[in-house]
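Fold and geometry: a report
Letter by letter, the chains look like this.
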Amino acid sequence: FMAAGATLNGSMEGMDGMAIPVKEGKIDGSNISFTVTLDFGGMPLLLSYKGVVTAAEIKFTGEAMGMPFEFTVKKAK
């Protein structure tokens, strides 16, 4: 991820190792949000993410096809 003022840019690595660009990225204090679109067998699959950033981790909530999910990523040491 890269911050440019209140805009979040960057990419995520897909299951095939290819970069998936972040879209609609926003930063509001310690909160971030963005979407990514995956190619799911030729059909676009939109994933939306919201996260809370701390010095050590980002706690994410997300949604794909109406199904919510949660996960945490930790800063590498």
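What this report covers is the structure whose coordinates are included nearby. Every value quoted in this text rests on a predicted model; they were computed, and no experiment measured them.

Analysis parameters
- Residues numbered from 1 in each chain as written.
- Predicted model: local features only at pLDDT ≥ 70, side-chain atom pairs only at ≥ 80, totals over all residues.
- Heavy atoms only, no water.
- Phe/Tyr/Trp six-rings, centres within 6.5 Å; stacked < 30°, edge-to-face > 60°.
- Helix = DSSP H or I, 4+ residues; strand = E, 2+ residues; numbered from the N terminus.
- Buried < 20%, exposed > 50% of the residue type's maximum accessible area, 1.4 Å probe, protein only.
- Pairing = 2+ DSSP bridges.
- Contact = heavy atoms within 4.5 Å.

1. Description of the packing of aromatic side chains
Under the defined criterion, the tally for this structure stands at 8 aromatic pairs. Arranged with centres 4.9 Å apart and planes meeting at 20°, the rings of Phe34 and Tyr49 form a pair that is stacked. Of the two residues, Phe34 is situated in strand β6 (residues 31-40) and Tyr49 in strand β7 (residues 43-53); the sequence distance between them amounts to 15 residues. The same class applies to Phe34 as to Tyr49, namely buried.

2. A closer look at the pairing of β6
Relative to β6, strand β5 (residues 23-28) is paired through 4 bridges, and the arrangement is antiparallel. From the neighbouring strand, Ile27 faces β6, where its bridge partner is Ile32. In sequence, β5 turns back onto β6 through a hairpin of 2 residues, with Gly29 there showing a positive phi of about 65°. Taking the residues that link successive antiparallel strands as the turn, the β6-β7 hairpin has 2 residues, and the phi of Gly41 there is positive, at about 65°.

3. Quick word on the environment of Ser48
Relative to the helices and strands, Ser48 resides in strand β7. Classification of Ser48 by relative accessible area gives partly exposed; the value is 29%. Residues Ser48 and Ala3, spaced 45 residues apart in sequence, show a C-alpha to C-alpha distance of 18 Å. If we skip the residues at most four places from it in the chain, Ser48 touches Phe34, Thr35, Thr61, Gly62 and Glu63.

Read these as layout, nothing more, since geometry by itself doesn't imply function.
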